[in-house]
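Here is how the chains run, residue by residue.
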Amino acid sequence: MSLDTVAGRFAYTEDHEAFRQTVRQFLMKEGVPHVGKWEEDRLVPKDFWIKAGAIGMLCPTVPEAYGGLGLDFGYNAIVDEEMSYTGVPAGFSLQSDIVAGYIEHYGSEEQKAEWLPKMVSGEVITAIAMTEPGTGSDLQAIRTTARKDGNHYVINGSKTYITNGQNTDLTLVVAKTDPDAKPAWKGMSIILVESDREGFSKGRKLDKIGQEAADTSELFFEDVRVPITNCLGEEGKGFIYLMSQLPQERLSIAVSVQASAQKAFDETVEFTKTRKAFAGMVFDFQNTRFVLADLKAKLQVGWAHLDWAITRHLKGELTNEEGAAAKLWHTDLQWEVMDACLQLHGGAGYMNEYPIARAWRAARVTRIFGGTNEIMKELIGRSL
């Protein structure tokens, strides 16, 4: 099984597809055989990042001047698709699709020269810390502060649900540099915090109902002192920076969940053709064929829409609302496919027997914590 069976793709060039083969071969050799162990450990080891960096899988859009390949987002999307389809859970998309963009667009020359080459090589793993114990989608309500003290910021607060939190070497911390600003978003900044700073600590790896090997953690900041030069871009512009990168961030999620849904479908077709029930194969039942036909049609629509969105983004034309719509539609599709496929495997009673169960639980995590689809609907509605 592979994504090569998806017909009619039009977002990628021959160079993209050649890169796909390199990525796939790497994941099948260095990733897939170890996923079970990583899930037991609930963590992907750092040396896997180094190996991925060596073949150009990390941050391919970073300019050559900073150690990258200077490629387009299509190469990021290839990595996202293949990692999601193969079930390799490392948080590459956060580093490549999100954090690298912030540093590329808003970082000082010193920050770019210091961090981007190490992100490309895998020497440095990054995280972005927005969510707090009492604050989720309403970023203006964050309570973490970065108070000026001479030529330093002193950071206090806590963050939770932070992807790459245990492995992080550099965290982009969203904090209030002016807690009294009105409106509140004008007082928000993004501060770079190295993990060896005194007062910075990593909390527990969070238990989840899926994505067991994905690194999701709590982070704590107690009088953490960093130089003012660690501010990313201008002070007080953090919220604007966060909003400006949303189309790519949402598209990245859409790419991953579409590939995940396709894998669930492919595994289910294979399973139903080999599973006997009532003197026949599950695939031979009319209901099974009807369900699979419905899912196949929706997946075809999904790939067409995804390629449209990727093409728009490569031209710099994907809007915030279009990115939101992609995240909304594809996460909903992922959940529909996962749920139907699990039922064809025998339902919840077989949760630990088949690989589809792992994907089903991962889809629940995306839907409950990462989908935020009501917010996507509200954003799209405002643009009408």
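See above for the structure.
Residues numbered from 1 in each chain as written. Predicted model: local features only at pLDDT ≥ 70, side-chain atom pairs only at ≥ 80, totals over all residues. Heavy atoms only, no water.

Draft legend 1. Structural context of the overall build of the protein chain. In terms of regular secondary structure, the protein chain is built from 12 helices and 9 strands. Summarising the internal contacts of the protein chain: among those between residues at least 6 apart in sequence, 75% fall at separations of at least 24. Accessible surface for the protein chain amounts to roughly 17,000 Å². Of this, 52% is attributable to carbon and sulfur atoms. (Helix = DSSP H or I, 4+ residues; strand = E, 2+ residues; numbered from the N terminus. Contact = heavy atoms within 4.5 Å. Areas by Shrake-Rupley, 256 points an atom, 1.4 Å probe, with all protein chains shown as cover.)

Draft legend 2. Looking closely at the packing of aromatic side chains. Taken as a whole and assessed by the stated rule, the structure comprises 9 aromatic pairs. Considering the side-chain rings of W49 and F92, the 4.7 Å spacing of their centres and the 70° angle between planes classify their relative orientation as edge-to-face. Here W49, found in helix α3 (residues 46-54), pairs with F92, found in helix α5 (residues 92-106); they are 43 residues apart in sequence, far enough to count as distant. On the accessibility criterion, W49 (1% relative accessible area) is buried. A network of ring pairs unites the aromatic residues F26, W38, F48, W49 and F92 as a single cluster. (Phe/Tyr/Trp six-rings, centres within 6.5 Å; stacked < 30°, edge-to-face > 60°. Buried < 20%, exposed > 50% of the residue type's maximum accessible area, 1.4 Å probe, protein only.)

Draft legend 3. Quick peek at the nonpolar core. In this structure, F48, M57, F92, M119 and L172 are the most contacted members of the largest nonpolar core, which totals 66 residues. Among the elements that take part in this core, α5 stands out by supplying 8 residues, more than any other. Leaving out residues up to four positions away in the same chain, L172 has contacts with V99, Y102, A127, I128, A129, I190, I191, L192 and L232. Counting 16 residues, the second largest nonpolar core, distinct from the first, contains A129, Y153, V173 and C231. (Core = buried A, V, L, I, M, F, W, Y, C linked by side-chain atoms within 4.5 Å.)

Draft legend 4. Main features of the pattern of salt bridges. Enumeration according to the criterion identifies 24 salt bridges in this entry. Here R20 and E82 are joined by a salt bridge, their closest N and O atoms 2.8 Å apart. Pair noted here: R20 is in helix α1 (residues 14-31) and E82 is in helix α4 (residues 73-86), with a separation of 62 residues, a long-range link. Each member of the pair, R20 as well as E82, is classed as buried. For the salt bridge of K159 with E132, the shortest nitrogen-to-oxygen distance reads 3.0 Å. You can see K159 sitting in strand β3 (residues 152-163) and its partner E132 sitting in the loop between β1 (126-129) and β2 (145-149), a full 27 residues away along the chain. Judged by relative accessible area, which is 1%, K159 ranks as buried. Residue classification places E132 among the buried positions, given a relative accessible area of 5%. (Salt bridge = Lys/Arg side-chain N within 4 Å of Asp/Glu carboxyl O.)

Draft legend 5. Layout of the packing of α5 against helix α6 (residues 109-121). One can describe the packing of α5 onto α6 by two numbers: an axis separation of 10 Å at closest approach and a directional angle of 165°. Comparing their axes, α6 and α5 come out roughly antiparallel. As α5 runs across α6, the sense of the crossing is left-handed. Where α5 abuts α6, its residues Q95, V99, A100, I103 and E104 lie against Q111, K112, W115, L116 and M119. In terms of residue class, the contact of α5 with α6 is built from 6 nonpolar, 2 polar and 2 charged. (Axes fitted to C-alpha atoms, helices over the stretch in contact; angles between N-to-C directions. Parallel < 35°, antiparallel > 145°, perpendicular 65-115°, else oblique. Left-handed = near helix turned anticlockwise from the far one by under 90°. Nonpolar A, V, L, I, M, F, W, Y, C, P; charged D, E, K, R; others polar.)

Draft legend 6. Inspection of the packing of α1 against α3 at higher detail. Remark: α1 packs on α3, axes separated minimally by 11 Å, with the N-to-C direction vectors making an angle of 155°. Relative to α3, α1 is oriented roughly antiparallel. Two packed elements cross with a definite hand, and for α1 against α3 that hand is right-handed. Across the interface between the two elements, F26, L27, E30 and G31 of α1 pack against F48, K51 and A52 of α3.

Draft legend 7. Focus on the environment of D294. Mapped onto the elements of the fold, D294 is located in helix α9 (residues 286-314). For D294, a relative accessible area of 36% puts it in the partly exposed group. A C-alpha to C-alpha distance of 9.6 Å links D294 and V337, two positions 43 residues apart in sequence.

Draft legend 8. Structural detail: unusual backbone geometry. In this chain, K182 is followed by P183 through a cis amide linkage whose omega measures -10°. Checked against the element boundaries, P183 lands in the loop between β4 (170-176) and β5 (188-194). With phi around 60°, R42 is a residue other than glycine that occupies positive phi space. Mapped onto the secondary structure, R42 falls in the loop between α2 (35-41) and α3. Phi at C59 is positive, roughly 50°, even though this residue is not glycine. In this fold, C59 is placed in the loop between α3 and α4.

Draft legend 9. Structural detail: α6. Spanning 13 residues, α6 covers 19 Å between terminal C-alpha atoms, matching the ideal 18 Å at 1.5 Å per step. The largest bend in α6 is about 25°, located at W115, with the proline P117 one to four residues further on. Along its buried surface, α6 packs onto α3, α5, β1, β4 and β5. Of the residues trailing α6, G122 is marked for its positive phi of about 90°. (Expected span 1.5 Å × (residues − 1). Bend = angle between axes of the 7 residues up to and from the residue.)

Draft legend 10. Region of interest: the pairing of strand β7 (residues 216-227). Sheet analysis places β3 next to β7, joined by 9 bridges and oriented antiparallel. Bridging across to β7, S158 finds its partner in F220. Judged from the 4 bridges that link them, strand β6 (residues 200-205) and β7 form a sheet pairing that is antiparallel. Each residue of the ladder has a partner; that of S201, found in β7, is F220. (Pairing = 2+ DSSP bridges.)

Keep in mind these numbers describe shape, not what the thing actually does.
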